Amino acid sequence: MHPELSPNLTPDPIGWGLPPWTRAEAEAVHDLPFNDLLFRAQTVHRENFDPNRVQLSRLLSIKTGGCPEDCGYCSQSSHHQSGLKASKLMEVQRVIAEARTARDAGATRYCMGAAWRSPKERDMDAVVAMVEGVKALGMETCMTLGMLEFDQAQRLKQAGLDYYNHNIDTSERYYSEVISTRTFADRLETLGHVRDSGIKVCCGGIVGMGEEKADRIDMLVTLANLPEPPDSVPINMLIPIEGTPLGEAEAIEPIEFVRAIALARIMMPKSHVRLSAGRTAMSDEMQALCFFAGANSIFVGDILLTAENPGEDKDSALLRRLGIKPMEPEAQ
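Please read these numbers as outputs of a predicted model, since none were measured by experiment. Positions within a chain are numbered from 1, following the residues in the order the chain's sequence is written. Thresholds applied to this predicted model are a pLDDT of at least 70 for local features of residues and 80 or more for the giving and counting of side-chain atom pairs; totals over whole chains, interfaces and linings are not thresholded and use all residues. Each side-chain value is worked out from all heavy atoms of the structure, with water and hydrogens disregarded.

Take the overall build of the protein next. Check the secondary structure of the protein and you find 11 helices and 12 strands. A simple rule labels every residue: compare its accessible area, found with a 1.4 Å probe on the protein chains alone, to the largest value its type can have, and call it buried under 20%, exposed over 50%, or partly exposed in between. Looking at the protein as a whole, 56% of its 332 residues qualify as buried. Here the analysis covers contacts within the protein between residues at least 6 apart in sequence; of these, 74% occur between residues at least 24 apart. Residue burial considers only the protein chains on display, and all accessible areas are found by Shrake-Rupley using a 1.4 Å probe. Only carbon and sulfur atoms are counted for the fraction: they give 50% of the accessible area of the protein, which is about 14,200 Å². Elements are defined by DSSP. Helices are runs of H or I of four residues or more, strands are runs of E of two residues or more, and each kind is numbered from the N terminus. Whether two residues touch is decided by their heavy atoms; if any such pair falls within 4.5 Å, the residues are in contact.

This part covers the pattern of salt bridges. Salt bridges are identified by distance alone: a Lys or Arg side-chain nitrogen within 4 Å of an Asp or Glu carboxyl oxygen. In this structure the tally under the stated criterion is 17 salt bridges. What emerges from the salt-bridge pattern is a single network uniting Glu211, Arg216, Glu256 and Arg259.

Okay, the packing of helix H4 (residues 121-135) against helix H5 (residues 150-159) next. One way to put it is that H4 packs onto H5 with a least axis distance of 9 Å and a crossing angle of 25°. In terms of orientation, H4 lies roughly parallel with respect to H5. Considering only the axes of H4 and H5, their crossing is right-handed. Counted together, Glu121, Met124, Asp125, Val127, Val128, Val131 and Glu132 of H4 and Gln152, Arg155, Leu156 and Ala159 of H5 form the full contact between these two elements. Polar here means any residue outside two lists: the nonpolar Ala, Val, Leu, Ile, Met, Phe, Trp, Tyr, Cys and Pro, and the charged Asp, Glu, Lys and Arg; Gly therefore counts as polar. Classifying every residue of the contact of H4 with H5 gives six nonpolar, one polar and four charged. For helices, the axis comes from a line fit to the C-alpha atoms of the stretch in contact; other axes are also lines fit to C-alpha atoms, and the angle between any two N-to-C directions lies between 0 and 180 degrees. Orientation is classified from the angle alone, with under 35 degrees giving roughly parallel, over 145 giving roughly antiparallel, 65 to 115 giving roughly perpendicular, and any other angle giving oblique. Take the far helix as the reference: if the near one is turned anticlockwise from it by less than a right angle, the crossing is left-handed, and if turned clockwise, right-handed.

Its 14 residues give helix H9 (residues 254-267) an end-to-end C-alpha distance of 20 Å, which sits within 8% of 20 Å, the value for a rise of 1.5 Å per residue. Among the 14 residues of H9, 11 are classified as buried, and the element is accordingly described as predominantly covered. For H9, the set of buried residues is Phe257, Val258, Arg259, Ala260, Ile261, Ala262, Leu263, Ala264, Arg265, Ile266 and Met267. The distance from a side-chain oxygen at the start of H9 to the backbone nitrogen of Ile255 is 3.0 Å, and the residue carrying that oxygen is Glu253. Helix span, expected: 1.5 Å multiplied by one less than the number of residues in the helix. In the analysis that follows, any N or O atom pair within 3.5 Å is treated as a polar contact, provided that within protein one partner can donate a hydrogen and the other can accept it, and provided that, for residues neighboring in sequence, both atoms belong to side chains.

Even without a glycine there, the phi angle at Asp169 is positive, about 75°. Residue classification places Asp169 among the buried positions, given a relative accessible area of 2%.

Residue placement: Leu238 occurs in the loop between strand S7 (232-237) and H9. Note on Leu238: relative accessible area 12%, which makes it buried. The spacing of Leu238 and Ala249 is 11 residues in sequence and 8.4 Å in space, taken between C-alpha atoms. Those residues in contact with Leu238, other than ones at most four positions away along the chain, are Tyr73, Ile206, Val207, Gly208, Met209, Leu246 and Ala249.

Take the packing of aromatic side chains next. Centre distance within 6.5 Å is the pairing criterion for rings of Phe, Tyr and Trp, where only the six-membered ring of Trp is used; planes under 30 degrees apart are then read as stacked, over 60 as edge-to-face, and the remainder as tilted. One pass over the full model with this rule turns up one aromatic pair. Arranged with centres 5.6 Å apart and planes meeting at 80°, the rings of Tyr175 and Phe184 form a pair that is edge-to-face. The burial state of Tyr175 is the same as that of Phe184; both residues are buried. The positively charged end of Arg109 is found above the aromatic ring belonging to Tyr163, 3.8 Å away from the centroid. By definition here, charges over rings are those cases where NZ of Lys or CZ of Arg is within 6 Å of the ring centre and within 35 degrees of the ring normal. A cation sits over an aromatic face here: Arg274 above Phe299, 4.8 Å from the ring centre.

Right, let's talk about the confidence of the model for the protein for a bit. What pLDDT conveys is the predictor's confidence in a given residue, as a value from 0 to 100. Summing up the model confidence of the protein, the mean pLDDT is 87 and the portion of residues at 70 or higher is 86%. Below pLDDT 50 for its whole length, residues 303-307 participates in 19 contacts with residues either more than four positions away or in separate chains.

What follows is about H5. Residues three or four positions apart in an α-helix share a direction because the helix packs 3.6 residues into each turn. Burial in H5 covers these residues: Gln152, Ala153, Leu156 and Ala159. Down the axis of H5, the sector holding all buried residues measures 120°, keeping them to one side. Where H5 is buried, its residues touch H4, strand S4 (163-165) and helix H7 (184-197). The positive-phi residue at the C-terminal boundary of H5 is Gly160, with phi of around 110°. In this description, one arc is meant: the one made by directions from the helix axis to the C-beta atoms.

Residues of strand S8 (residues 272-275) alternate between two faces, with His272 and Arg274 on one and Val273 and Leu275 on the opposite face, all of them buried. Strand pairing requires that DSSP identify at least two bridges connecting the strands. As defined by bridge partners, S7 adjoins S8 across four bridges and the pair is classed as parallel. Bridging from a neighbouring strand, Ser232 pairs with His272 of S8. When the strands point away from the viewer, a crossover counts as right-handed if the path from the first strand over the helix to the second runs clockwise. Following the chain from S7 across H9 to the adjacent parallel S8, one finds a crossover that is right-handed. In the sheet, S8 pairs with strand S9 (residues 297-300) via two bridges, with the strands oriented parallel.

So this is what it looks like as structure tokens:
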């Protein structure tokens, strides 16, 4: 039994968050009285991170729309009528220029996303050049390009890629309700290629897609029980987009979202837990609770791939009010 299940609330974090986790153990933690859950999450957080530092990332869509996948939440799928037009892959120098601007505004990690099922070999030279160029700016590099073969992951590692994002999205049980064009096992296979190549894994999911509480718990159990927990765990709150199958999805209740953040922190104590998509729908107070629950990474900038994101001025004001400062980039 994990120490989290003990009725003793003494803040002794030794052994907390050690896999393997069972659904029953994770659910017992998730369902603690809210104050007890936050207490435990904040205690774990302080044992592993400065509680008043948040890692700032910037996300750029380097190839938008026209994706052959049918992910029910995504405006970039060619299966949906979201009104988004497909674009070609951005030029390398433009990507590097955007990264330089982000760095100068305080971002320490630059994430580049392409709406592909998987990258084609003809695009790999440009993608590699982007990684090399952003890396030369002194930033951490991250990419999300869909499924990867092992040789592609190796090539990105050689170029200097630090992180690769590939979310599992939800539980294995609920997955087929959202996506049919690739399997849950496909996603785990790509994560294995990324991990085996030596690139750090960025992997999380989306909540508020009509899933049950058990699905959110199972998603986090899957992540925590990977051979190595992800270095970054983005927790997205669904942004319902007109023209997608989930465009009318009912929003998740804020307290339930905070519970998911706290559980992620307790189960993956050394991971960066990223408060990701959906922040435009969150009050300042809800975001503050998420930071207290262990979130310590956000995306900055006005746009998150194709959806709105709080502007940098608003983020700066909130972090200043909370006494939270940007995290320094990790030593390379």
